[in-house]
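Next come the chains, spelled out residue by residue.
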Amino acid sequence: TTRADALVVRASASSSTPVVRAGAEGGALANWKGAKLKPLGYSVLAGLLIWLIPAPAGVSAKAWHLLAVFVGTIVGIITNPLPLGATAMIGLGVAMTTGLLPFSAAFSAFSSEIPWLIALAFFLARGFIKTGLGNRIAYKIVSMFGKSTLGLTYSLVFSEALLAPAIPSLAARAGGIFLPLAKALCVACGSDPANKTEKKMGAYVMTTLFQTSTISSGMFITAMAANPLSVNLAASVTGITISWAQWAIGAALPGLVCLLATPLILYVLYPPEVKDSPEAPQKAQEELAKLGPMSGDEKIMAAALSLTVGLWVFGSKFGIGSVAAALNGLTILLVTGVITWKECLAEGPAWDTLVWFAALIAMAGYLNTYGLIPAFSAGVVKVVSGLGLSWQPAFVVVTLIYFYSHYLFASGAAHIGAMYTAFLSVLVACGAPPLVSALVLGILSNVMGCTTHYGIGSAP
């Protein structure tokens, strides 16, 4: 034995208190299988600090304590001690245990259409990826327009935007389809980070595609997982439920302008060394040749997707809601065997999203019910009003604060859950049009993800 071991033995013999060696303790922590302890500590500390601070004047203790649980949950979603759904369930558990929310309130949002819509969109996306239809569409567009670096970039940008309504996860759409596709095409054109040649075209293409993917995510409710959360929160504040078509029409013009302008701006600010990419269309043609003719599953997927998107746009005229439209598309895929129910059950992100969406919606909704959001809005309105601003400049100030505060967040969903309701309430109280305000904040909740390398799921 070593001298240290001997000291441990003598200390144990001379004391009734058990002695644990540092090495053993370190081994126990090394084998820890639970939550990440440091992020968990941040979450608990954030909630506890707010809980212990006396409620401000005009805010009830119940509302203030629910805010503490809500902030602790949001910090957990940002720092990720556990998966998002698990963090949200723990938040609901704390709210129920402390008597802040009864069961009916804590789980009220699970009967909302919005979380189910996004979960169903994940199931449809599974079929889209599984059948290879997404890759086929992307390769086809690149083969037609990808002869120059700028043309290749635009073909990828608009391919991604075309598929945005059908794939509700930006991380899945960019990380699962387009960024790997862009990398493969750039490598085929001789731009490879492994060879220190990324500046030839890869750096420009990848940066541009990332930036524009946040724009396309803001163009459709179903293009980003947290957009339905914005819709739900907007309805609770304004009483207006934004339809799929309203969001798409409202975002169409600014979205298209940004999609056209961003590649050109970056072409000047962050130019590629190689301006032409004649190999890209050939590479895309080779991949299309490998895929062969459209399979039966791809055709069924295309039909189901067309029906679903069509009903999303025009279904309200026939009394068909968004969830019913998605269920029609899913029914086609399940009955024909394009996807199976077992695959739907295995689609973890869909169920995870359903859980944490519903949990955040419930807590945020009851913060409003308990009077916290109106009190906060009144305070901000008082400050803005004290500046002597009309609603137009106040609108600019509030939206800019909302946008740039994203530097404090690592998740668009966390930002929306924490700030969307309050800032929308402020805009409405200042006299801004409710529908316009709700749409602008919803769209910006996507675009702000481009500000950092950690601000949205596809950034890393």
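Okay, so let's go over this structure. All values reported here derive from a predicted model rather than from experimental measurement.

1. Let's talk about the overall build of the chain
Across its full length, the chain holds 22 helices and zero strands. When the 460 residues of the chain are sorted by exposure, 47% land in the buried category. Long-range contacts, defined here as pairs at least 24 residues apart, represent 76% of the contacts in the chain between residues at least 6 apart. With the model as given, the accessible surface of the chain reaches about 20,600 Å², and the carbon-plus-sulfur share is 68%.

2. Considerations on the packing of helix H7 (residues 113-131) against helix H18 (residues 348-369)
Their axes nearest at 9 Å, the elements H7 and H18 cross at an angle of 165°. Comparing their axes, H18 and H7 come out roughly antiparallel. Of the two elements, H7 crosses H18, and the hand of that crossing is right-handed. Counting all contacts with H7, which are made through Pro115, Trp116, Ile118, Ala119, Phe122 and Phe123, the residues of H18 involved are Pro349, Ala350, Trp351, Thr353, Leu354, Phe357, Ala358 and Ile361.

3. Description of helix H21 (residues 412-429)
Look at H21: 24 Å from first C-alpha to last across 18 residues, which is about the 26 Å you get at 1.5 Å a residue. The sharpest bend along H21 measures roughly 45° and falls at methionine 419. Counted residue by residue, H21 has 15 buried out of 18 residues, so it is predominantly covered.

4. A few points about the packing of helix H3 (residues 37-52) against helix H4 (residues 61-79)
It is at 8 Å that the axes of H3 and H4 come closest, and there the two elements cross at 160°. In terms of axis orientation, H3 runs roughly antiparallel to H4. The crossing of H3 and H4 is right-handed. Facing H3, whose interface residues are Pro39, Tyr42, Ser43, Ala46, Gly47, Ile50 and Trp51, H4 presents Trp64, His65, Leu67, Ala68, Val69, Val71, Gly72, Thr73, Val75, Gly76 and Thr79. Considering only residue class, the contact of H3 with H4 consists of eleven nonpolar, seven polar and no charged.

5. Quick word on the pattern of salt bridges
Tallying each qualifying case throughout the model produces five salt bridges. With a closest N to O distance of 2.6 Å, arginine 136 and glutamate 298 form a salt bridge. On the criterion of sequence distance, the pair formed by arginine 136 in helix H8 (residues 133-145) and glutamate 298 in helix H15 (residues 296-314) is long-range, its members being 162 residues apart. The class of arginine 136 is buried, set by a relative accessible area of 11%. Here glutamate 287 ties to lysine 283 by a salt bridge, and the two come within 3.4 Å at their closest N and O atoms. Of the two residues, glutamate 287 and lysine 283 both sit in helix H14 (residues 279-291), four residues apart, roughly one turn of that helix.

6. Topic: the side chain of threonine 308
By the secondary structure assignment, threonine 308 is in helix H15. Residues contacting threonine 308, with those up to four places away along its chain left out, are Leu124, Ala325, Ala326 and Gly329.

7. Side note on the side chain of arginine 136
Side-chain polar atoms of arginine 136 contact the backbone oxygen of proline 293, separated by 3.4 Å. Setting aside residues no more than four positions away along its own chain, arginine 136 makes contact with Leu288, Leu291, Gly292, Pro293, Met294 and Glu298.

8. Structural notes on the packing of aromatic side chains
A full pass over the atoms with the stated rule returns 14 aromatic pairs. Ring geometry for phenylalanine 123 versus tryptophan 351: centroids 5.5 Å apart, planes at 50°, classification tilted. Of this pair, phenylalanine 123 sits in helix H7 while tryptophan 351 sits in helix H18, and the two are 228 residues apart along the sequence. The partly exposed category is assigned to tryptophan 351, whose relative accessible area is 24%. Seen from their ring centres, tyrosine 366 and tyrosine 370 are 5.8 Å apart, and the 65° between their planes marks the pair as edge-to-face. Take tyrosine 366: its relative accessible area is 24%, and that puts it in the partly exposed class.

9. Describing the nonpolar core
Ranked by internal contacts, the top residues of the largest apolar core, which has 123 residues, are Leu156, Trp247, Tyr402 and Tyr420. The element best represented in this core is H18, accounting for twelve residues. Apart from residues no more than four positions distant in its own chain, tyrosine 402 is found in contact with His415, Ile416, Met419, Tyr420, Phe423, Leu441, Ser445 and Met448.

10. Structural notes on the state of the cysteines
Following the criterion strictly, the structure yields zero disulfides and no others. Left unpaired, cysteine 450 is separated from the closest cysteine sulfur, that of cysteine 258, by 9.6 Å.

11. Side note on a nonpolar patch on the surface
A grouping of Trp32, Leu37, Leu40, Val44, Leu48 and Leu52 is seen on the molecular surface, where their side chains present a nonpolar patch of about 590 Å² in accessible area. You can see leucine 48 is positioned in helix H3.

Conventions we followed
Starting from 1, residues in each chain are numbered consecutively following that chain's sequence as written. The model is predicted, so local features are restricted to residues of pLDDT at least 70 and side-chain atom pairs to those at 80 or more, both for listing and for counting; the totals for chains, interfaces and linings are taken over all residues. Where side-chain values are given, they derive from all heavy atoms of the structure, hydrogens and water being excluded. Only DSSP runs of H or I covering at least 4 residues are called helices, and only runs of E covering at least 2 are called strands; the numbering of each starts at the N terminus. Relative accessibility thresholds used throughout: buried, under 20% of the residue-type maximum; exposed, over 50%; partly exposed, between the two (1.4 Å probe, protein chains only). Every residue pair with non-hydrogen atoms within 4.5 Å of one another is taken to be in contact. Surface accessibility in these figures is a Shrake-Rupley result with a 1.4 Å probe; residues are shielded only by whichever protein chains are displayed. Interaxial angle, 0 to 180 degrees, is taken between N-to-C directions of lines fitted to C-alpha atoms, where a helix line uses only the stretch in contact. Small angles under 35 degrees read as roughly parallel and large ones over 145 as roughly antiparallel, with 65 to 115 read as roughly perpendicular and the rest as oblique. Crossing handedness: left-handed means the near helix sits turned counterclockwise from the far one by under a right angle, and right-handed means the same turn made clockwise. Given a helix with a known number of residues, its expected span is that number minus one, times 1.5 Å. Two axes enter the definition of the bend at a residue: one is fitted to the seven residues ending there, the other to the seven starting there, and the bend is the angle between them. Each residue gets one label: Ala, Val, Leu, Ile, Met, Phe, Trp, Tyr, Cys and Pro are nonpolar, Asp, Glu, Lys and Arg are charged, and the others, such as Gly, are polar. Throughout this description, the term salt bridge denotes a Lys or Arg side-chain nitrogen within 4 Å of a carboxyl oxygen of Asp or Glu. For this analysis, a polar contact is any N or O atom pair within 3.5 Å, provided that within protein one partner can donate a hydrogen and the other can accept it, and provided that sequence-adjacent residues contribute only side-chain to side-chain pairs. Note on aromatic pairs: the rings of Phe, Tyr and Trp (six-membered ring only in Trp) are paired at centre separations within 6.5 Å, and the planes decide the class, stacked below 30 degrees, edge-to-face beyond 60, tilted for the rest. For this analysis, a nonpolar core means a set of buried residues of the types Ala, Val, Leu, Ile, Met, Phe, Trp, Tyr and Cys, connected via side-chain atoms within 4.5 Å. Count a disulfide wherever a pair of cysteine sulfur atoms falls within 2.5 Å. Note on patches: the residues involved have over 30% relative accessible area and no salt bridge, like charges join within 9 Å, and the nonpolar side chains Val, Leu, Ile, Met, Phe, Trp and Tyr join within 5 Å.

Taken by themselves, the reported measurements are silent on function.
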